[in-house]
Amino acid sequence: MSLSEGAVIEIVRAERLSDYKLRIYFSDGAERIVDFEPFLTSSQNPMIRTYLDPQKFANFQLDHGDLLWDDYGLCFPIADLYEGKV
(Lines give C-alpha, C1' and ligand atoms only; values in the text may rest on other atoms or scores of the structure.)
Protein backbone atom coordinates (compact mmCIF):
# COMPACT_ATOMS: atom_id res chain seq x y z
CA MET A 1 0.00 0.00 0.00
CA SER A 2 1.38 3.42 -0.90
CA LEU A 3 0.61 6.96 0.12
CA SER A 4 -1.44 9.12 -2.20
CA GLU A 5 0.33 12.22 -3.43
CA GLY A 6 0.02 15.12 -1.02
CA ALA A 7 -1.15 12.95 1.88
CA VAL A 8 0.06 14.03 5.30
CA ILE A 9 0.59 11.01 7.53
CA GLU A 10 2.27 10.74 10.89
CA ILE A 11 3.36 7.80 12.96
CA VAL A 12 1.23 7.72 16.09
CA ARG A 13 2.64 4.61 17.78
CA ALA A 14 5.27 1.92 17.32
CA GLU A 15 5.82 -1.31 19.19
CA ARG A 16 8.69 -3.76 19.03
CA LEU A 17 7.70 -7.26 17.96
CA SER A 18 11.16 -8.85 17.86
CA ASP A 19 14.82 -7.79 17.76
CA TYR A 20 14.48 -5.69 14.58
CA LYS A 21 10.80 -5.85 13.72
CA LEU A 22 8.33 -3.07 14.59
CA ARG A 23 4.59 -2.69 14.21
CA ILE A 24 4.01 0.92 13.17
CA TYR A 25 0.65 2.68 13.51
CA PHE A 26 -0.16 5.65 11.28
CA SER A 27 -2.50 8.60 11.74
CA ASP A 28 -4.86 7.36 8.99
CA GLY A 29 -5.48 4.10 10.88
CA ALA A 30 -3.09 1.98 8.79
CA GLU A 31 -0.52 -0.24 10.45
CA ARG A 32 2.52 -1.98 9.06
CA ILE A 33 5.05 -4.50 10.29
CA VAL A 34 8.51 -3.42 9.16
CA ASP A 35 11.56 -5.67 9.45
CA PHE A 36 14.69 -3.50 9.74
CA GLU A 37 17.12 -6.44 9.93
CA PRO A 38 17.89 -6.68 6.17
CA PHE A 39 18.70 -2.96 6.07
CA LEU A 40 20.88 -3.09 9.17
CA THR A 41 22.78 -6.24 8.21
CA SER A 42 23.45 -5.09 4.64
CA SER A 43 24.70 -1.62 5.61
CA GLN A 44 28.43 -0.99 5.33
CA ASN A 45 28.14 2.13 7.50
CA PRO A 46 29.55 1.37 10.96
CA MET A 47 27.27 3.97 12.58
CA ILE A 48 24.18 2.22 11.19
CA ARG A 49 25.54 -1.20 12.11
CA THR A 50 25.65 -0.15 15.79
CA TYR A 51 21.84 -0.58 15.72
CA LEU A 52 22.37 -4.33 15.29
CA ASP A 53 22.69 -4.28 19.06
CA PRO A 54 19.09 -5.26 19.98
CA GLN A 55 19.10 -3.01 23.05
CA LYS A 56 20.23 -0.01 21.00
CA PHE A 57 17.64 -0.76 18.32
CA ALA A 58 14.92 -1.03 20.98
CA ASN A 59 15.66 2.53 22.10
CA PHE A 60 13.54 4.22 19.42
CA GLN A 61 11.18 7.12 19.98
CA LEU A 62 8.49 9.13 18.24
CA ASP A 63 9.12 12.82 17.71
CA HIS A 64 6.52 14.95 15.91
CA GLY A 65 5.25 11.92 14.01
CA ASP A 66 8.70 10.63 13.04
CA LEU A 67 10.25 7.36 14.19
CA LEU A 68 13.87 7.87 15.17
CA TRP A 69 16.76 6.57 17.19
CA ASP A 70 19.10 8.72 19.28
CA ASP A 71 19.26 12.31 18.01
CA TYR A 72 18.30 11.38 14.43
CA GLY A 73 21.16 8.85 14.36
CA LEU A 74 18.75 6.60 12.47
CA CYS A 75 15.57 7.86 10.82
CA PHE A 76 13.49 6.75 7.84
CA PRO A 77 11.06 8.61 5.56
CA ILE A 78 7.49 8.09 6.74
CA ALA A 79 6.38 7.21 3.19
CA ASP A 80 8.88 4.33 3.07
CA LEU A 81 7.72 3.00 6.42
CA TYR A 82 4.09 3.35 5.31
CA GLU A 83 4.91 1.23 2.26
CA GLY A 84 6.59 -1.30 4.56
CA LYS A 85 10.09 -0.93 3.19
CA VAL A 86 13.37 0.52 4.39
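Residues numbered from 1 in each chain as written. Predicted model: local features only at pLDDT ≥ 70, side-chain atom pairs only at ≥ 80, totals over all residues. Heavy atoms only, no water.

> Is there a simple way to explain the overall build of the protein chain in this structure?
Helix and strand counts for the protein chain stand at four helices and six strands. The order of helices and strands in the protein chain, counted from the N terminus, is β-β-β-α-α-α-β-β-β-α. Overall size of the protein chain, expressed as C-alpha extent along the three principal axes, is 35 × 25 × 20 Å. Expressed as a percentage of the 86 residues in the protein chain, the buried residues total 31%. Sequence-distant contacts in the protein chain: of pairs separated by 6 or more residues, those separated by 24 or more amount to 41%. Surface accessibility of the protein chain: about 5,200 Å² in total, with carbon and sulfur atoms responsible for 47%. (Helix = DSSP H or I, 4+ residues; strand = E, 2+ residues; numbered from the N terminus. Buried < 20%, exposed > 50% of the residue type's maximum accessible area, 1.4 Å probe, protein only. Contact = heavy atoms within 4.5 Å. Areas by Shrake-Rupley, 256 points an atom, 1.4 Å probe, with all protein chains shown as cover.)

> Would you mind going over the sheet that holds strand β6 (residues 74-75) with me for this structure?
Two orientations exist for strands paired in a sheet by backbone hydrogen bonds: parallel and antiparallel. If you walk across this open sheet you meet the three strands as β4-β5-β6, and the pairing is antiparallel. Both edges of this open sheet fall to β4 (60-63) and β6, since each of them pairs with a single strand only. Here strand β5 (residues 66-69) runs beside β6; their pairing, made up of two bridges, is antiparallel. Along β6, the bridge assignment pairs W69 with L74. (Pairing = 2+ DSSP bridges.)

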